[in-house]
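The primary structure of each chain is shown beneath.
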Amino acid sequence: CTVIFTRLATRDLHKPISILFCNLAVSDLFTSFSGFWISMLFITNPDITIFGSQDMLAPYSLYTTSILSTIYNLVSIGIERYLAVAKSMRTRFRVARNHSMAVVFISWVLAFFLGCLPLMGWNCLQAERSISVLYSPFCVDYLVFITLPNVVVAFLVPLFTYLRIILILRKRKLRMQACGQATGTYKSAETQVARTSISIWLLALVSYAPFFAGVIFDATNQRCHTDLYPGVYIFRNCTAMLITITCLGNPLLYTLRLRELGAKLKALRCLSANRVRACAI
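What you see is a predicted model, and the numbers here were worked out from it, not measured in a lab.

Conventions we followed
- Each chain carries its own residue numbering, running from 1 in the direction its sequence is written.
- This being a predicted model, a pLDDT of at least 70 is required before a residue's local features are given, and a value of 80 or more before pairs of side-chain atoms are given or counted; all residues contribute to the totals for chains, interfaces and linings.
- Values shown for side chains rest on all heavy atoms present in the structure; no hydrogens or waters enter the calculation.
- Helix and strand definitions follow DSSP, with helices as H or I runs of at least four residues and strands as E runs of at least two, each counted in order from the N terminus.
- All accessible-area figures derive from a Shrake-Rupley calculation using a 1.4 Å probe, and residue coverage is judged against the displayed protein chains alone.
- The axes are straight lines fitted to the C-alpha atoms, using for helices just the contacting stretch, and the angles between their N-to-C directions are given from 0 to 180°.
- Comment on the angle field: the value is read as roughly parallel under 35 degrees, roughly antiparallel over 145, roughly perpendicular from 65 to 115, and oblique elsewhere.
- Throughout, a crossing is termed right-handed when the near helix is turned clockwise from the far one, and left-handed when it is turned anticlockwise from it by less than a right angle.
- Every residue pair with non-hydrogen atoms within 4.5 Å of one another is taken to be in contact.
- UniProt positions are given in the numbering used here, feature names are shortened, and annotations may be inferred rather than shown by experiment.
- Patch membership is restricted to residues that have no salt bridge and whose relative accessible area is over 30%. Joining uses 9 Å for like charges and 5 Å for the nonpolar side chains Val, Leu, Ile, Met, Phe, Trp and Tyr.
- One speaks of a salt bridge when a side-chain nitrogen belonging to Lys or Arg is within 4 Å of a carboxyl oxygen belonging to Asp or Glu.
- A 1.4 Å probe rolled over the protein chains alone gives each residue an accessible area, and that area as a share of the maximum for its type sets the label: buried under 20%, exposed over 50%, partly exposed in between.
- Nitrogen and oxygen atoms within 3.5 Å of one another constitute a polar contact, given that in protein one can donate a hydrogen and the other can accept it, and given that sequence-neighbouring residues count only through two side-chain atoms.
- Think of it this way: a Phe, Tyr or Trp ring, Trp meaning its six-membered ring, pairs with another when their centres are within 6.5 Å, and the plane angle makes it stacked under 30 degrees, edge-to-face over 60, tilted otherwise.

> Please explain the overall build of the protein as it appears in this structure.
Within the protein, the regular secondary structure consists of ten helices and zero strands. What you see in the protein, going N to C, is helices and strands ordered as α-α-α-α-α-α-α-α-α-α. Of the roughly 15800 Å² that the protein leaves accessible, carbon and sulfur atoms contribute 67%.

So this is what it looks like as structure tokens:
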């Protein structure tokens, strides 16, 4: 919420990349909200989160939709950063505000379509044959269908984009060194991109790899729910906690730094105070 408020209230941040940052915060907010919904269902009636029921379709679908939207946002941010750095090298394409709005719209449409497939009938409420053990009443084939391609996209596309950004900055630095010019700015930018990309990879690996491992376990497991209780479900809850940590880490990695956050909030408070004084006068 702080990210969304800061992005919308600060005029100098109304840029294409800022739209993607704000949309990422919205996706993280939806992930946290749907995770809280599932937690409340677990507290009030733990059995339905283990054995599955009709009541779990909506929160699980919203949870899946928000995770998919977060993945698409992360990929879009990486591509936008690559185009911004490479536009003076090999391409003249410039990302405009309309492009970012179109990407946001397409991301949410695709995420809602894939996430709500269980609500449209692709679930195992009636068929017990391929029901998921960890995420009942989802079907195992549905989890594999949405997990495998999105995991590939989430890891390979940022790998390509951020590595290309680092290579482009390094080439520019070498070119300026050959011309006898200062390269401190490019060296600093290359270091910052490298640190950010490593942080992104570590956060994604720690948070989404256990979820992917759980889906693989679902696909290869043949035992029933009671045989796996409680250890497997503790593992499932830990994966949900890691995904929530990702929602907390994304704003710090992509949009906010602690010092900048304090400065921007202070500026917004001063702006509001000045408006109140002006109205009083």
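> I tried to follow the packing of helix H2 (residues 16-44) against helix H5 (residues 97-115) on my own but got confused; where do I start?
Each pair of packed helices gets described by two things: the angle between the helix axes and the distance between those axes. Running from N to C, H2 and H5 cross one another at 20°; their axes reach a closest spacing of 8 Å. Taken together, the axes of H2 and H5 are roughly parallel relative to one another. For H2 against H5, the interelement crossing comes out right-handed. For the pair H2 and H5, contact is made by Pro 16, Ile 17, Ile 19, Leu 20, Asn 23, Val 26, Ser 27 and Phe 30 and by Arg 97, Ser 100, Met 101, Val 103, Val 104 and Trp 108, respectively.

> Is there a simple way to think about the UniProt feature "transmembrane region" (unreviewed entry) in the protein in this case?
When the UniProt feature table is mapped to this numbering, "transmembrane region" (unreviewed entry) covers residues 17-40, 60-79, 100-122, 142-167, 198-217 and 233-256. In residues 100-122, helix accounts for 70% and strand for 0%; the two terminal C-alpha atoms are 31 Å from one another. Measuring from the first to the last C-alpha atom of residues 142-167 gives 38 Å, for a span that is 100% helix and 0% strand.

> Please explain a nonpolar patch on the surface as it appears in this structure.
On the surface, a cluster of nonpolar side chains totalling about 410 Å² of accessible area is made up of Phe 36, Met 40, Phe 42 and Ile 43. The residue Phe 36 is located in helix H2 in this model.

> Quick question: what am I supposed to make of the side chain of Ser 107 here?
Summarising the element assignment, Ser 107 is placed in helix H5. For Ser 107, a relative accessible area of 7% puts it in the buried group. Within the local environment of Ser 107, its side chain forms a polar contact with the backbone oxygen of Val 103, the two atoms lying 2.7 Å apart. Residue contacts for Ser 107: discarding those within four places in its chain leaves Tyr 72 and Ser 76.

> What's the story with the side chain of Asp 28 in this structure? I'm lost.
Looking at the element boundaries, Asp 28 is found in helix H2. For Asp 28, a relative accessible area of 4% corresponds to the buried category. Residues contacting Asp 28, with those up to four places away along its chain left out, are Thr 70, Cys 247, Asn 250 and Pro 251.

> Is there a simple way to think about the packing of aromatic side chains in this case?
In this description, an aromatic ring pair is defined by two values, namely the gap between the centres and the angle between the planes. According to the stated counting rule, one finds nine aromatic pairs in the structure shown. Relative to Tyr 142, the ring of Phe 138 has its centre 5.3 Å away and its plane inclined at 80°; by these criteria the two rings are edge-to-face. Taking the relative accessible area as the measure of exposure, Tyr 142 reaches 0% and is therefore buried.

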